[in-house]
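Close look at the chain arrangement
One-letter residues, chain by chain:
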Amino acid sequence: MSSGPAARRLLRLLLLLPRRPGTSPAPPPLRTIFLRTALAMATGGKDSYSSALHTNRLVHEKSPYLLQHAHNPVDWYPWGQEAFDKAKKEDKLIFLSVGYSTCHWCHVMEHESFQNEEIGQILNENFVCIKVDREERPDVDKVYMTFVQATSSGGGWPMSVWLTPDLKPFVGGTYFPPEDGIYQVGFRTVLLRILEQWKRNRAALLENSQKILSALLARTDVGVRGEEMPPSLKEVMSRCFQQLSESYDEEYGGFSETPKFPTPVNMNFLFSYWALHRSTSEGARALQMALHTLKMMAYGGIHDHIAQGFHRYSTDQRWHVPHFEKMLYDQGQLAVAFAKAFQISGDELFADTVADILLYVSRDLSDKSGGFYSAEDADSYPTAKSEKKQEGAFCVWTAEEIRQLLPDLIEGSPERKSVADVFMHHYGVKEDGNVNPMKDPHNELKGKNVLIMQYSLELTAARFGLGLEQLKRMLVKSREQLYKARVQRPRPHLDTKMLAAWNGLMISGFAQSGAILGKKEYVDRAVNAADFLRNHMFNASNGKLLRSCYRGKEDSVDKSSVPIHGFLEDYVFVIQALFDLYEASLNPSWLEWAVQLQHKQDELFWDPKGFAYFSTEAGDPSLLLRMKDDQDGAEPSPNSVAVSNLLRAASYTGHKEWVKKAGQILSAFSERLLKIPVVLPEMARATAAFHLTQKQVVICGDPKGEDTRELLHCYYSTFTPNRVLIFADGNTTGFPYQQLGFLSSLEKKNGKATAYLCENFACSLPVTSSQELRCLLLS
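Now for a quick tour of the structure.

What counts and how
Residues numbered from 1 in each chain as written. Predicted model: local features only at pLDDT ≥ 70, side-chain atom pairs only at ≥ 80, totals over all residues. Heavy atoms only, no water. Pairing = 2+ DSSP bridges. Helix = DSSP H or I, 4+ residues; strand = E, 2+ residues; numbered from the N terminus. Phe/Tyr/Trp six-rings, centres within 6.5 Å; stacked < 30°, edge-to-face > 60°. Buried < 20%, exposed > 50% of the residue type's maximum accessible area, 1.4 Å probe, protein only. Lys NZ or Arg CZ within 6 Å of the ring centre and 35° of its normal. Axes fitted to C-alpha atoms, helices over the stretch in contact; angles between N-to-C directions. Parallel < 35°, antiparallel > 145°, perpendicular 65-115°, else oblique. Left-handed = near helix turned anticlockwise from the far one by under 90°. Contact = heavy atoms within 4.5 Å.

1. Some thoughts on the sheet that holds strand β9 (residues 326-327)
The strand order β9-β10-β13 describes an open sheet built from three strands, whose pairing is antiparallel. Each edge of the sheet is formed by a strand with only one pairing partner; in this case those strands are β9 and β13 (494-495). Pairing between β9 and strand β10 (residues 375-376): two bridges, direction antiparallel. When the bridges of β10 are listed, K326 appears paired with E376.

Structural data, given as structure tokens:
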């Protein structure tokens, strides 16, 4: 929604204030200042995160982000009743600041403004200041980000919003510099103007705020109107493919020029589209787009070639210079995407990349309790003696460093080339650095190199007269040498918050990768994480999930004094993970828990009038809007995944009401799916699962038997969408036998493990060989 008349009148009112003496003439209007971290990398000093002179209420919180601000001179409150009551009692405006602990520009604004004594005094005397960790409270973040995006040209973090004492927003933005500039109004000026207008034009501000809020309520009302039916499969799939194809970068892959995000939801859609159109040119193009994009990402600097894992996004078209933070949700989704790429193509590059991602997560993002941490920061100190943090300092290299670390000469090389020469050639290292200055406006990466696989193994081997296996061993050893040197550097901040939703995405990553690659250790790691969720983030007495918990002292797991209950995304991603884990481990207890959580999700979030799921539970008076996410982003929309979950749950239980709900979600989002399905590729993919009959692949046998393992390997190694695996081991008293009566009629044939392909609980003739099963799966 673009900035409406009410919003524009509100901003004009704010401009009526006289300028402070000494400010530049005609400052620009107060508006959202949206800065891409891709285009600007500021620095923070050693005092970026704390000052021993001050302590505020955030010192009692568990969130790493809130704790970073616990010693600001700003008298921060956490989101809660104490702050709300203070604002009403003292009739003060609320300044709401939202961010997260690995957010680069959040660090910058803290250092520049929230550690500034004078700005802190203005805030403390005139506002009630509230800090929110957007990852801990996505509900609060979503409401006010919707306002910021609706009343300006962008959004981002840190998010800065001013609210009335009853929590209604009236003006907002993202990052503000502390003082006025040529093109930007400074934070100090913003605060003073807002205060003056609150005194002079309070009635007008309240009136305009209410009009904006009413417009947002109308905009966010997603639901069925009349007798809408689920949209046409062909129309949705074709249009989504067409829109992705039009935005595709033919040379480097991806679906934009710059910045470039991984968007695993696009890969998943393209894989499904290919599977449904294998014999067509469109299907071939869909597969080519997905595989080429993943390959370019694996080669690029967005992929950490030394310490593994993937950075958040690329600031350039070539996937070369990243924004260096690493997010758990990216690792989980990318592990699945690369595993599927290997499943389809058989290319070992994709399998190696999966192993790479999971090594990083196991080593650097894993808690001893079994849970997964949220993120690793982009900024760190270049050396232990440095006074300022720099983005990417932990990850980049000078040519001289590499020459010192890899000095050995190549035996038999007539040109006396060293291992460093080979490594630098292969990874695009230059003596004066390989980062385009346009991507480094603050000169933090000047003279430094971001490793990018510049040449294929074959070309590098030919260039230096090496055998292919010899080169592979050389590069492996070289990367190990650089890793040993890198871990001696000061590490970036690690956000040790553990979120149910993101842990769910990572469990899916380990479970699906373990099944596809035949790696039991990956499945075991997924089981360990699921046990963690059940032990620490699930309340068995009321059947609810918790949103978050935290690494405590001496390997303990801490929880907030006021628990944050799970949101829709927590249920959806955990349910999806449990279905994936059941298929990988064959343990029906995970399936049983998934079904239990699906019932609880229906109870807490379903909209019986407009259909689809709300993102939050009902009954929180501090939330002005109860919303439904209407697009897939860095994570898929919960409603998108919910469609697939419901269809899978129905296939495991025979509960037809869940099929009906899946169709009602698609109906609620029908207009968006028909016009711009590219913003909901995961839901477009789920549309196919709804319209096409879900395949139930039943395998009967002894889980330890070689014949059973052969059939399971066939299932795991063959890519076909819209299917579920049901393992029948003969234990007719357990789950899912009690739910699916037809299973008791299926048995092994001639004493051998046997597979059946069932649709709507009607089953094919039994097959006992993997070749026969593969034919059934691909039929």
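Here the narrative resumes, following the displayed structure.
2. Quick look at the packing of aromatic side chains
Under the definition given, this model contains 33 aromatic pairs. Between Y582 and Y652, the aromatic rings sit 5.6 Å apart at their centres with planes inclined by 90°, giving edge-to-face as the arrangement. You can see Y582 sitting in helix α20 (residues 568-585) and its partner Y652 sitting in helix α22 (residues 638-653), a full 70 residues away along the chain. Pairing W606 with Y613 gives two aromatic rings, centres 4.9 Å apart and planes at 75°, and the pair type is edge-to-face. In this structure, W606 and Y613 share a single accessibility class: buried. A network of ring pairs unites the aromatic residues W76, F95, F114, W162, F176 and F187 as a single cluster. Above the ring of W274, the side-chain terminus of R278 is found at 4.3 Å from the ring centroid. The lysine or arginine in question, K661, covers the ring of W606, its NZ or CZ lying 4.9 Å from the ring centre.

3. Let's talk about the packing of helix α12 (residues 328-345) against helix α18 (residues 500-517)
Axis separation between α12 and α18 bottoms out at 8 Å; the angle between their running directions is 20°. For the element pair α12 / α18, the angle class is roughly parallel. In terms of crossing hand, the pair formed by α12 and α18 is left-handed. Contact residues: α12 offers L328, Y329, Q331, G332, Q333, A335, V336, A339, K340, F342 and Q343, while α18 offers W502, N503, L505, M506, S508, G509, Q512, S513, I516 and L517.

4. Observations regarding the sheet that holds strand β22 (residues 762-763)
Read from one edge of the open sheet, four strands run β20-β19-β21-β22, paired in mixed fashion. Since the sheet does not close on itself, it has two edges, and those belong to β20 (723-728) and β22, each with one partner. Where strand β19 (residues 695-700) and β20 come together, six bridges link them in parallel fashion. In the sheet register, I699 faces β20, and the bridge partner there is F727. Relative to the sheet, helix α27 (residues 770-778) contacts β19, β20 and β21 (754-759), its axis offset from that of β19 by approximately 165°.

5. Digging into the pairing of strand β17 (residues 548-551)
Relative to β17, strand β14 (residues 497-499) is paired through three bridges, and the arrangement is antiparallel. For M498, the partnering residue across the bridge sits in β17 and is C549. Relative to strand β18 (residues 557-558), β17 is paired through two bridges, and the arrangement is antiparallel. Pairing of Y550 across the sheet is with D558, part of β18. Turn length for the β17-β18 hairpin, with the two strands adjacent in sequence and antiparallel, is five residues, and the turn residue E554 shows positive phi of about 55°.

By themselves, these figures tell us nothing about what the structure is for.
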